[in-house]
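Chain by chain, the residues run as shown.
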Amino acid sequence: MRVFGWIKVITNQELDKLNQGLPPDVIDANFSLKYFTDYLARTGRPVKIAITDQNKMGGVGNIYANDALWQAKIHPRRPAKSLNLSEINQLHRALKLVLKLGIKYGGATASDDKFVHTTGLGGKYQEHFLVYEQDGKPCHRCQTIIKKIRLAGRGTYYCPHCQPLS
Ligand SMILES: [Zn+2]
């Protein structure tokens with residue numbers, strides 16, 4: 001399991017410089033529908049890879065990418081630039097929604113218990129997974145069995161009925 005995050009002591013000037021190099025965070029107002037549409041139109045990569053690229057948009061890890069794509073009914077392998085405006089709009093909303101839920105539930109603590117808060121307590125989002133790690137179980141929307149594939153080495157979960165490839 002990956003371990004995220006670091007702590008450094010830096011000056012305010014260094015902090016400003018660091019922040020300037022960062023793309024908009026998905027939960028920020030500056031992650032606009034226009035920004036997202038323009039970005040997706042420029043990449044033929046699978047949409048799941050595109051939305052987890054931290055150089056282009058901040059905050060979407062593997063769990064939230066899976067859940068947002070299920071929420072928006074988009075197959076993870078779809079080329080990003082193949083999405084129509086309605087799908088982009090749905091995905092834009094879904095990303096903001098799942099990240100807000102993640103924050104509300106204090107993040108997701110996997111079975112290794114590595115992610116904990118300063119209090120030592122874990123998150124609760126794993127009790128609310130939409131599609132992540134649901135392979136072999138029925139889809140919450142249509143009861144079709146959820147499938148798991150690997151995409152760029154990461155576990156990728158989707159509903160074959162709700163998220164068709166074509
Ligand atoms: Zn389904």
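Residues numbered from 1 in each chain as written. Predicted model: local features only at pLDDT ≥ 70, side-chain atom pairs only at ≥ 80, totals over all residues.

Quick notes on the overall build of the protein
In terms of regular secondary structure, the protein is built from 5 helices and 2 strands. Ordered by position from the N terminus, the helices and strands of the protein form the series α-α-α-α-α-β-β. Its C-alpha radius of gyration of 17 Å places the protein within 12% of the 15 Å reference for a compact globule of 166 residues. Dimensions of the protein along its principal axes, counting C-alpha atoms only, are 50 × 40 × 25 Å. Looking at the protein as a whole, 30% of its 166 residues qualify as buried. For the protein, the proportion of contacts with a sequence separation of at least 24, taken over those separated by at least 6, is 55%. (Helix = DSSP H or I, 4+ residues; strand = E, 2+ residues; numbered from the N terminus. Rg over C-alpha atoms; globule rule 2.2 N^0.38 Å. Buried ≥ 20, exposed ≤ 12 C-beta atoms within 10 Å, placed from the backbone. Contact = placed C-beta atoms within 7 Å.)

Quick look at the pairing of strand 2 (residues 154–158)
As defined by bridge partners, strand 1 (residues 147–151) adjoins strand 2 across 5 bridges and the pair is classed as antiparallel. Across the sheet, I149 pairs through a bridge with T156, a residue of strand 2. Hairpin connection, strand 1 to strand 2: the antiparallel pair is bridged by 2 residues, and A152 has positive phi, about 50°. (Pairing = 2+ DSSP bridges.)

A short note on helix 2 (residues 33–41)
Buried within helix 2 we find F36, Y39 and L40. One side of helix 2 carries all its buried residues, which in axial view fall inside an arc of 95°. With respect to the buried face of helix 2, the exposed residues turned more than 90 degrees away are K34, D38 and A41. Residues of helix 2 that are buried make contact with helix 3 (47–51) and helix 5 (85–104). (Arc of directions from axis to C-beta.)

Side note on unusual backbone geometry
Phi angles above zero are rare outside glycine, and K73 is one such case at about 60°. Residue placement: K73 occurs in the loop between helix 4 (62–71) and helix 5. According to the C-beta neighbour criterion, K73 is partly exposed, with 17 such atoms within 10 Å. Positioned with a positive phi, Q143 is a non-glycine residue whose angle comes to about 75°.

Looking at the nonpolar core
As a rule of thumb, soluble globular proteins bury nonpolar side chains together. Among the nonpolar cores identified, the biggest contains 37 residues, and A68, L69, L95 and V131 are the most heavily contacted of them. Contributions of two or more residues to this core are made by helix 2, helix 3, helix 4, helix 5 and strand 2. Every residue in contact with L69, bar those within four places of it in the chain, is listed here: V47, K48, I74, P76, Y158 and Q163. (Core = buried A, V, L, I, M, F, W, Y, C linked by C-beta atoms within 7 Å.)

Re the packing of helix 4 against helix 5
Contact geometry for helix 4 and helix 5: axes closest at 8 Å, N-to-C directions at 130°. As summarised for this structure, helix 4 and helix 5 are arranged oblique, according to the angle between their axes. Crossing of helix 4 over helix 5 shows right-handed handedness. On helix 5, the residues that touch Y64, D67, A68 and Q71 of helix 4 are L91, A94, L95, L97, V98, L99 and G102. (Axes fitted to C-alpha atoms, helices over the stretch in contact; angles between N-to-C directions. Parallel < 35°, antiparallel > 145°, perpendicular 65-115°, else oblique. Left-handed = near helix turned anticlockwise from the far one by under 90°.)

Section: the environment of G122
Within the element layout of this structure, G122 appears in the loop between helix 5 and strand 1. Considering only alpha carbons, one finds G122 and L40, 82 residues apart in sequence, at a separation of 34 Å.

Here we look at helix 5
Counted at 1.5 Å a residue, the expected span for helix 5 with its 20 residues is 28 Å, and the 29 Å between its end C-alpha atoms agrees. On its buried face, helix 5 sits against helix 2, helix 3 and helix 4. Of the residues one or two after helix 5, G106 is the one with positive phi, at around 75°. (Expected span 1.5 Å × (residues − 1).)

Quick look at the packing of helix 2 against helix 5
The contact between helix 2 and helix 5 brings their axes to 10 Å, and the two run at 120°. On the basis of their axis angle, the class for helix 2 and helix 5 is oblique. Crossing angle aside, the handedness with which helix 2 passes helix 5 is right-handed. Along the contact surface, helix 2 presents L33, F36, T37 and L40, while helix 5 presents I88, N89 and H92. A breakdown of the residues in the contact of helix 2 with helix 5 according to their chemical character gives 4 nonpolar, 3 polar and no charged. (Nonpolar A, V, L, I, M, F, W, Y, C, P; charged D, E, K, R; others polar.)

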